[in-house]
Amino acid sequence: MQQFDVVVVGGSISGTLAAISAAERGLSVVLLERKKIPGEKVFCAEGISQSSYHYFFEKNPRWISTEINQVSLFSPSGRGVRIETPGAGYILERRVMERDLWVIAAEKGAELRCGVRVLDIGEWDGEGREVVTSDGKVWGRIVVGADGIESLTGRKTGLVRGLYPGEYHATLQYFAYHPSIEEDTAELHAGPFAPGGYGWVFPKGKGYGWVGIGVDTAKKSGNLRDLLKEFIRRRFGNLKIIFISGGGVPTTPLKKRTTDGVILVGDAGRFAIPVSGGGISHALYTGKLAGEVASEVLEKGPATAKRLSIFDKRWKREWGKEEKWYFIAKKIYMRMKDEDFEILYDVVKKLFEGKKIREFHPFEAVERILKASPHLLKLGKKLLGGYHGI
């Protein structure tokens with residue numbers, strides 16, 4: 001049985017960043033991916049802020065489909081407001097990006113294994129854990145779980161339980177064509193077609209883009225395909241569909257993401273923005289952090305839960321306040337009715353229409369919105385209190 005310093009389970013963005021981060025620090029790493037081809041399937045709409053992207057990478061044209069310079073927000077009645085946001089974000093080419101990251105991981109010294117399913121994670125033996133795969137067994141001093149929202153690594157090691165309604169969004173999207181899809185504009189839609197969530201149009205260029213909905217599973221009523229059809233009917237009428245994608249995205253954080261010999265990253269650790277389910281930046285950050293922590297901890301000895309807890313502490317120091325605030329925001333969003341969204345639309349239009357927003361501060365923006373409307377302020381007092389009191 002081969003032994004490694006780090007066994008990474010799952011080869012998407014978070015897992016690949018963990019492998020790169022650990023390997024470039026001199027650790028022996030094996031990356032296990034059940035898909036035969038990296039980046040074979042994309043389950044998200046591929047959006048990321050430019051600031052988050054450039055925190056990790058230089059601009060790579062191969063990895064970017066479009067640049068987002070405007071955001072259009074739509075109320076349940078279909079009223080729209082356009083906000084200029086120069087340099088706000090990118091829509092990625094994740095398939096290309098993930099395959100390129102695999103090449104980088106190999107160049108850093110990681111061993112890559114595609115088409116390998118992980119079947120079991122063994123008990124902590126005081127030094128590491130055995131990982132049973134469809135291609136035999138390996139052993140690692142640390143196992144990094146990057147195996148998605150239903151993480152086998154998390155379930156087998158007691159860090160996560162099953163998924164329950166309200167803890168995630170169910171998503172469905174089409175890669176599609178319509179001439180009205182603007183290349184530099186992201187659209188976000190509130191309405192009955194996305195209870196507890198929202199609809200989106202994220203452009204990929206030349207009239208193509210992702211058109212989808214995310215629905216909170218505690219409020220979901222009806223078939224996702226029917227809800228998406230209703231969104232498409234309202235926004236487009238007819239739409240040329242190329243292919244379909246979808247899955248679950250976490251919206252409820254875990255209290256901890258580490259135990260003896262295990263770190264969970266990305267969706268496996270439920271790292272995502274609770275109110276939206278957006279998680280690419282969190283996947284990148286936690287993957288990189290896992291490699292850094294693995295290197296530091298293994299220099300001192302076995303990767304016990306106590307030693308690995310620095311991963312949780314560093315996450316909370318950098319992102320904990322924001323994560324908690326967004327979770328409160330999610331609870332308020334879940335309570336909002338269509339009339340609340342119409343009031344919100346009026347306030348947003350008054351505050352932001354025709355203005356260029358070059359840097360977006362969510363806490364300040366929400367505070368301005370809530371204070372501009374007595375009705376919304378009453379609804380959001382807990383949110384403001386949660387932010388200032390965290």
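A brief look at the structure comes next. (Residues numbered from 1 in each chain as written. Predicted model: local features only at pLDDT ≥ 70, side-chain atom pairs only at ≥ 80, totals over all residues. Heavy atoms only, no water.)

### Some words on the overall build of the protein
At step 1: Each helix and strand in the protein was counted, giving ten helices and 16 strands.
At step 2: Relative to its length of 390 residues, the protein is compact, with a C-alpha radius of gyration of 21 Å against a globular reference of 21 Å.
At step 3: The proportion of buried residues among the 390 residues of the protein is 56%.
At step 4: By sequence separation, contacts in the protein at least 24 residues apart represent 70% of the contacts at least 6 residues apart.
At step 5: Total accessible area on the protein is roughly 17,400 Å²; 51% of this is exposed by carbon and sulfur atoms.
At step 6: Of note, the protein has its 59 positive side-chain charges centred 4 Å away from the centre of its 47 negative side-chain charges. (Helix = DSSP H or I, 4+ residues; strand = E, 2+ residues; numbered from the N terminus. Rg over C-alpha atoms; globule rule 2.2 N^0.38 Å. Buried < 20%, exposed > 50% of the residue type's maximum accessible area, 1.4 Å probe, protein only. Contact = heavy atoms within 4.5 Å. Areas by Shrake-Rupley, 256 points an atom, 1.4 Å probe, with all protein chains shown as cover. Lys, Arg positive; Asp, Glu negative; His and termini not counted. Charge placed at Lys NZ, Arg CZ, Asp CG, Glu CD.)

### Some points on helix α5 (residues 224–235)
At step 1: The end-to-end C-alpha distance of α5 is 16 Å, a good match for the 16 Å that twelve residues give at a rise of 1.5 Å each.
At step 2: Along α5, the positions that sit buried rather than exposed are L224, L227, L228, F231, I232 and R235. The buried residues of α5 occupy an angular sector of 140° when the element is viewed end-on, so they sit on one face. Residues of α5 that are exposed and point more than 90 degrees away from the buried face comprise K229 and R233.
At step 3: Taken together, the buried residues of α5 touch β10 (168–177), β11 (185–189), β12 (198–205) and β13 (208–216).
At step 4: Two to three positions downstream of the cap, the backbone nitrogen of R225 sits 2.7 Å from a side-chain oxygen, assigning the N-cap of α5 to N223. (Expected span 1.5 Å × (residues − 1). Arc of directions from axis to C-beta. Polar contact = N/O pair within 3.5 Å; in protein donor to acceptor, adjacent residues only side chain to side chain.)

### Points about the sheet that holds β10
At step 1: As summarised here, the arrangement of the eight strands in space is β3-β5-β4-β11-β12-β13-β10-β14, forming an open sheet in which the pairing is mixed. Each of the sheet's edge strands pairs with one partner strand only, and the pair in question is β3 (47–49) and β14 (240–250). Pairs of neighbouring strands in the sheet enclose a mean axial angle of 30°, with direction left out of account.
At step 2: In the sheet, β10 pairs with β13 via nine bridges, with the strands oriented antiparallel. Paired with H169 across the two strands is D216, which belongs to β13.
At step 3: In this fold α5 packs onto β10, β11, β12, β13 and β14, with an angle of close to 130° to the strand it touches most, β13. (Pairing = 2+ DSSP bridges. Axes fitted to C-alpha atoms, helices over the stretch in contact; angles between N-to-C directions.)

### Section: empty space enclosed by the protein
At step 1: Applying the stated criterion across every chain yields a total of one cavity of 30 Å³ or more.
At step 2: When its volume is computed, the largest cavity comes out at roughly 30 Å³.
At step 3: I273, P274, H282, W315, W319, E322, E323 and Y326 are the residues that line the largest cavity.
At step 4: At five residues, the largest contribution of residues to the lining of the largest cavity is made by helix α7 (residues 305–335).
At step 5: Grouping the amino acids of the lining of the largest cavity by side-chain chemistry returns five nonpolar, one polar and two charged. (1 Å grid on protein atoms, 1.4 Å probe; cavity = no way out; pocket = protein on both sides within 12 Å on 5 of 7 lines; lining within 4 Å. Points joined across faces, edges and corners; volume = space filled by probe spheres on them. Nonpolar A, V, L, I, M, F, W, Y, C, P; charged D, E, K, R; others polar.)

### A word on the side chain of T252
At step 1: Mapped onto the elements of the fold, T252 is located in the loop between β14 and β15 (258–259).
At step 2: Looking at T252, its side chain comes within polar contact range of the main-chain oxygen of G166, at 3.5 Å.
At step 3: Discounting residues that sit within four places of it in the chain, T252 has contacts with G166, E167, R270, F327 and K330.

### Some words on the pattern of salt bridges
At step 1: What the rule picks out here adds up to 25 salt bridges.
At step 2: For K35, the salt bridge identified is with E33, shortest N-O distance 3.3 Å.
At step 3: Here K35 falls in the buried class, since its relative accessible area comes to 13%.
At step 4: When its relative accessible area of 5% is taken as the criterion, E33 is described as buried.
At step 5: A network of salt bridges, in which partner residues are shared, links E24, R25, K108, K288 and E292. (Salt bridge = Lys/Arg side-chain N within 4 Å of Asp/Glu carboxyl O.)

### Here we look at unusual backbone geometry
At step 1: We note that K206 has phi near 55°; this positive angle belongs to a residue other than glycine.
At step 2: Within the secondary structure layout, K206 lies in the loop between β12 and β13.
At step 3: The exposure class assigned to K206 is exposed, which follows from its relative accessible area of 74%.
At step 4: Unlike most non-glycine residues, R270 shows phi in positive territory, near 55°.
At step 5: As for its position among the elements, R270 is in the loop between β16 (262–264) and α6 (280–300).
At step 6: On the basis of relative accessible area, R270 is assigned to the buried category, the value being 5%.

### Thoughts on the packing of aromatic side chains
At step 1: As enumerated under the stated definition, the model contains 19 aromatic pairs in all.
At step 2: Judged by centre distance (5.1 Å) and plane angle (90°), the ring pair of F57 and W63 falls under edge-to-face.
At step 3: A relative accessible area of 13% places F57 in the buried class.
At step 4: By relative accessible area, W63 is classed as buried at 4%.
At step 5: Between the aromatic rings of W210 and F243, the centroid separation amounts to 5.7 Å while the plane-to-plane angle is 80°, which identifies the pairing as edge-to-face. With W210 in strand β13 and F243 in strand β14, this pair connects stretches of sequence that are 33 residues apart. (Phe/Tyr/Trp six-rings, centres within 6.5 Å; stacked < 30°, edge-to-face > 60°.)

### Digging into the pairing of strand β5 (residues 80–92)
At step 1: Looking at chain direction, β3 and β5 are connected through three bridges and run antiparallel. Bridging across to β5, G47 finds its partner in I91.
At step 2: Bridge count between strand β4 (residues 64–74) and β5: nine bridges; the pairing is antiparallel. Its bridge partner being in β5, V71 is matched across the sheet by I83.
At step 3: Between β4 and β5, which pair antiparallel one after the other, the connecting turn spans five residues, and G78 there sits at a positive phi close to 95°.

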